[in-house]
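Structure assessment
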Amino acid sequence: MLLGIISALFCINVAAAVDILGPSEQPSNVFKQANSQPRTVQVNSQQPTAEATELAVGERLLSRLNWPNNTSRLVTNVDDYQVIYPELQRSIQQFHPQPLWYGYAKARNARDQIQWLLLELSLAGGPDALASWLSQINAIDSSNPQWDRLYTDAFLGLMAFYQQLIGLDYAQSMALSHINQLSLQLLIDEPWLASLSHERVYQQLAGLRGDLDIERLRFRQQMLHWLNVEKNRAPSEAIDFGPLIRLGSNDFRVPKVRQRLLEFDPRNHFLEVDLPLMDTETVAALKRFQLQHGLKTDGIVGKDTLYWLNFKPIDRSKMLAKNLLREQLLKGYMQASAQQRIVVNVPAYQMSYINQGSELFQSKVVVGRASRATPLLVSEISSVVINPYWNVPRTIVRKDIIPKLRQDPSYVERKRFELFDYDGQAIPSEQVDWTLVKDTGAFPYRMRQRPGPGNALGGYKFHFDNQFAVYLHDTSSPELFSEFQRDFSSGCVRVEAAEVLAEQLLKQAGYSESYKQRIVAKGKPKWVRLRQKVPVYLVYFTSWFDETGGLHYRKDIYNFDPSVKQLSS
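Note that the structure is a prediction, hence the values are computed from the model and not measured.

About the thresholds
Position labels on residues start from 1 in each chain and follow its written sequence. Confidence filtering applies because this is a predicted model: local features only for residues at pLDDT of at least 70, side-chain atom pairs given and counted only at 80 or more, and all residues used for totals across whole chains, interfaces and linings. Remark: hydrogens and water are excluded; side-chain values derive from all non-hydrogen atoms of the structure. Salt-bridge detection follows one rule: a side-chain nitrogen of Lys or Arg within 4 Å of a carboxyl oxygen of Asp or Glu. Secondary structure follows DSSP: runs of H or I at least 4 residues long count as helices, runs of E at least 2 residues long count as strands, and numbering of each begins at the N terminus. Throughout this description, buried means an accessible area under 20% of the type-specific maximum (1.4 Å probe, protein chains only), exposed means over 50%, and partly exposed covers the range between. Between N-to-C directions, angles span 0 to 180 degrees; the directions come from axes that are lines fitted to C-alpha atoms, helices contributing only their stretch in contact. Convention used here: angles under 35 degrees read as roughly parallel, angles over 145 as roughly antiparallel, angles from 65 to 115 as roughly perpendicular, and any remaining angle as oblique. We call two residues in contact whenever any of their non-hydrogen atoms come within 4.5 Å of each other. Residues are sorted three ways: Asp, Glu, Lys and Arg are charged, Ala, Val, Leu, Ile, Met, Phe, Trp, Tyr, Cys and Pro are nonpolar, and all the rest, Gly among them, are polar. Working definition: rings of Phe, Tyr and Trp (its six-membered ring) pair if their centres are within 6.5 Å, and the pair is stacked with planes under 30 degrees apart, edge-to-face with planes over 60 apart, and tilted otherwise. DSSP-based pairing: two strands are paired if at least 2 bridges between them are found. Note on scores: pLDDT gives the predictor's confidence for each residue, bounded by 0 and 100. Buried residues of nine kinds, namely Ala, Val, Leu, Ile, Met, Phe, Trp, Tyr and Cys, make up a nonpolar core once their side-chain atoms join them within 4.5 Å. Multiply 1.5 Å by the residue count of a helix minus one, and that product is the helix's expected span. Between N or O atoms, a polar contact is any pair within 3.5 Å; within protein, one atom must be a potential hydrogen donor and the other a potential acceptor, and residues adjacent in sequence are included only when both atoms are from side chains.

1. Observations concerning the pattern of salt bridges
Under the defined criterion, the tally for this structure stands at 15 salt bridges. Between Lys331 and Asp213 there is a salt bridge, with the nearest N and O atoms lying 4.0 Å from each other. One end of the pair, Lys331, is in helix H16 (residues 313-331); the other, Asp213, is in the loop between helix H11 (198-209) and helix H12 (214-232), with 118 residues separating them in the sequence. Two residues, Glu513 and Lys516, come together in a salt bridge whose shortest N-O distance is 3.3 Å. With a gap of three residues between them, Glu513 and Lys516 both fall in helix H20 (residues 513-522), about one helical turn apart. The exposure class assigned to Glu513 is partly exposed, which follows from its relative accessible area of 34%. Within this structure, Glu120, Arg216 and Arg220 form a network of salt bridges that share partners.

2. Overview of the packing of helix H6 (residues 107-123) against H16
Relative orientation of the contacting elements H6 and H16 amounts to 105°, with a least axis distance of 7 Å. Taken together, the axes of H6 and H16 lie roughly perpendicular to each other. Counting all contacts with H6, which are made through Glu120, Leu121 and Leu123, the residues of H16 involved are Ile314, Ser317, Lys318, Ala321, Leu324 and Leu325. The residue makeup of the contact of H6 with H16, split by class, is six nonpolar, one polar and two charged.

3. Quick word on the environment of Tyr411
Among the secondary structure elements, Tyr411 is positioned in helix H18 (residues 411-414). Considered as a pair, Tyr411 and Ile401 are ten residues apart in the sequence and their alpha carbons are 8.6 Å apart. Not counting residues up to four positions away in its chain, the partners in contact with Tyr411 are Ile401, Lys404, Leu405 and Phe417.

4. Thoughts on the packing of aromatic side chains
Following the criterion strictly, the structure yields 23 aromatic pairs and no others. Measuring from ring centre to ring centre gives 4.7 Å for Tyr540 and Phe560, while their planes differ by 65°; the resulting arrangement is edge-to-face. Here Tyr540, found in the loop between strand E12 (526-539) and strand E13 (543-545), pairs with Phe560, found in the segment after strand E14 (551-553); they are 20 residues apart in sequence, far enough to count as distant. In terms of burial, Tyr540 and Phe560 fall into one category: buried. Seen from their ring centres, Tyr558 and Phe560 are 5.9 Å apart, and the 80° between their planes marks the pair as edge-to-face. Given the relative accessible area of 11%, Tyr558 is considered buried. Its relative accessible area of 18% is what places Phe560 among the buried residues. Chaining the aromatic ring pairs together yields one cluster made of Trp226, Phe264, Phe289, Tyr307, Trp308, Phe311 and Tyr553.

5. Topic: the sheet that holds strand E7 (residues 446-449)
Spatial strand order, E5-E7-E6: three strands in an open sheet with antiparallel pairing. Only two strands of the sheet have a single partner each, and these edge strands are strand E5 (390-391) and strand E6 (417-420). As paired elements, E5 and E7 share two bridges and run antiparallel to each other. Each residue of the ladder has a partner; that of Asn391, found in E7, is Arg448.

6. Observations concerning the confidence of the model for the protein chain
Counting all residues, the mean pLDDT for the protein chain is 83, and 84% of those residues have values of 70 or more. Mean pLDDT across the secondary structure elements of the protein chain bottoms out at helix H3 (residues 29-32), with 26, and peaks at strand E11 (residues 493-495), with 97. Below pLDDT 50 for its whole length, residues 7-21 participates in 54 contacts with residues either more than four positions away or in separate chains. Within the model, pLDDT remains below 50 along residues 26-76, and this stretch shows 111 contacts once partners closer than five positions in the same chain are excluded.

7. Some remarks on the pairing of strand E8 (residues 460-464)
On a regular strand, one side chain projects to one face of the sheet and the next to the other, so that they alternate. Counting buried positions along E8 gives five out of five residues, so the element sits mostly inside the fold. The two faces of E8 match: Tyr460, Phe462 and Phe464 on one face and Lys461 and His463 on the other face are all buried. In this structure, strand E4 (residues 378-386) lies alongside E8, joined through five bridges in antiparallel fashion. Paired with Ile381 across the two strands is Phe464, which belongs to E8. Sheet topology note: the E8/strand E9 (residues 472-473) ladder contains two bridges and is antiparallel. Bridge pairing in E9 links Lys461 to His473.

8. Section: the nonpolar core
Trp101, Ile114, Phe155 and Leu165 are the most contacted members of the largest nonpolar core, which has 84 residues in total. The element best represented in this core is helix H8 (residues 146-165), accounting for twelve residues. Setting aside chain neighbours within four positions, we find Phe155 in contact with Trp101, Ile114, Trp192, Leu196, Val201, Gln204 and Leu205. By size, the runner-up hydrophobic cluster in this structure holds 71 residues, among which are Leu419, Met447, Ala509 and Ile519.

9. Comments concerning the pairing of strand E3 (residues 358-368)
As judged from the six bridges shared by strand E2 (residues 350-355) and E3, these two strands associate in the antiparallel manner. Across the sheet, the residue bridging to Met351 is Ser363, located in E3. Pairing between E3 and E11: two bridges, direction antiparallel. From the neighbouring strand, Val366 faces E11, where its bridge partner is Arg494. Pairing analysis gives two bridges linking E3 to strand E10 (residues 487-489), with the strands arranged parallel. Considered in E10, the bridge of Val367 is made with Asp487.

10. Comments concerning unusual backbone geometry
One can expect most non-glycine residues to show negative phi and most peptide bonds to be in trans. One non-glycine residue, Tyr349, lies in positive phi territory at about 55°. Position of Tyr349 among the secondary structure elements: in the loop between strand E1 (340-345) and E2. Positive phi values are uncommon outside glycine, yet Gln356 reaches one of about 50°. As for its placement among the helices and strands, Gln356 is situated in the loop between E2 and E3. Its relative accessible area of 58% is what places Gln356 among the exposed residues.

11. Remarks on H12
Quick reminder: α-helices carry 3.6 residues per turn. Residues three or four places apart thus point the same way. Between its first and last C-alpha, H12 extends 27 Å over 19 residues, near the 27 Å set by a 1.5 Å rise per residue. Counting buried positions along H12 gives 14 out of 19 residues, so the element sits mostly inside the fold.

12. Things to note about the environment of Asn387
Tracing the backbone through its elements, the reader meets Asn387 in the loop between E4 and E5. Judged by relative accessible area, which is 10%, Asn387 ranks as buried. Sequence separation between Asn387 and Lys522 is 135 residues; the distance between their C-alpha atoms is 8.7 Å. With sequence-adjacent residues up to four places away left out, Asn387 is seen in contact with Pro451, Gly459, Ile519, Val520, Gly523, Lys524 and Pro525. Reaching out from Asn387, the side chain makes a polar contact with the backbone oxygen of Lys524 at a distance of 3.2 Å.

Take a look at the structure:
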């Protein structure tokens, strides 16, 4: 149903656009532009006022969201639409008998925001009722007595959905994998109903939506761009798998590669779009495409690049909508007063260290594989551990270490492990018959790895309280950072720039570099407590805009977005 709605949204027709105006309203210049070419949002270097931005969004983007002039689709019978919140509608009518959605200065803009929210949340995977409201709004005629009630019903439904959203915990807010199952039961009281007014409706919608800033406009523009591409692309236009395509290749698939690159960035320029020869211009555009998808920028069409070239436009829109919602929810968890914070974007395999609003440095990271996923959490780094012991989690002992010990009992000594019973007594490994130790059930010993060469945590561990016993740490396997897809760990986050991170954290705690080096040289574990804890956020963004406005995409490595069709890779 959603795809059908989207097709309808892109039937540009001025007459139909006028149909959605209130009974006494005149067409605005928003709809006068409806037959013009879609325009790219131009970012002004001066921050616009909230009011100017609010009104400009319709002119910039909503002219691409119009409704079909198809009277057969319009709801002409009052009984054709049954409201979901009839009792609340009656209560609102008692307290506020005047129409809520036309007859005042901001009415059209309030309706625009309802339509935007319904579109965004439908694409993000919200309950089917959201798409149904959007479909009805696209179909109903403003002269129908149900017209005002339909907008009110959709407004109440949006409020109910956001009430459920704010009840999600942090991990659920990042995953958003089951939001289609959220209830739309709405809890409001009589004082709220009594205070409802035109201004309150407008303010409530703005509060649900969040900031209408440049970044949100960019998300909206890109969502519409990909919906438009979806409408115009033939369904059988997938690029076939086959041999690698590189500079100088003569391949029948090259024209489709160029078409995809033009869809992704219309600023690309190709002298011959239909030429089967892979030329330098196409290779250069492909490298930019690969960079924005976190791929090796070799200018070669291989398996991973083909995955993204064949990614459906509708699925890109869904990714953008879900990540826009994730970003809005994350802002509710961010500590505005914190001068420093660490953000680990799991599917991007990237960590950012931010101080006073500026990013000091980035680092590659290794995260958990899908079967041992890195948990999404928010906490605070309280200590830097120099020369740490590694207390081996039982899961790793059972699944990884015991099978190796059965084959080679000397593995314990070679890897500098120590065994203890649960009374804290050291157990010599040669006393254990590893062929009798099961890799299921309880493990009878605690195992840890001594600091020094080969220690899995490397030279540094960054401790923060959490129920999963995970943390950020250095690594003894730096070669993994050369990989482009770095989901290799058992849940913890390995940081390539661990020494730089330790230096920054210790510096803010008042410790010198020479102090750190003296501790490192001793080779013994040392917990250094930070004077001020540093917030750490493990987030999950599969698409985002960087500080220059560049758009990036990454694979959904934990399959949190089931509505997005994952291609084989």
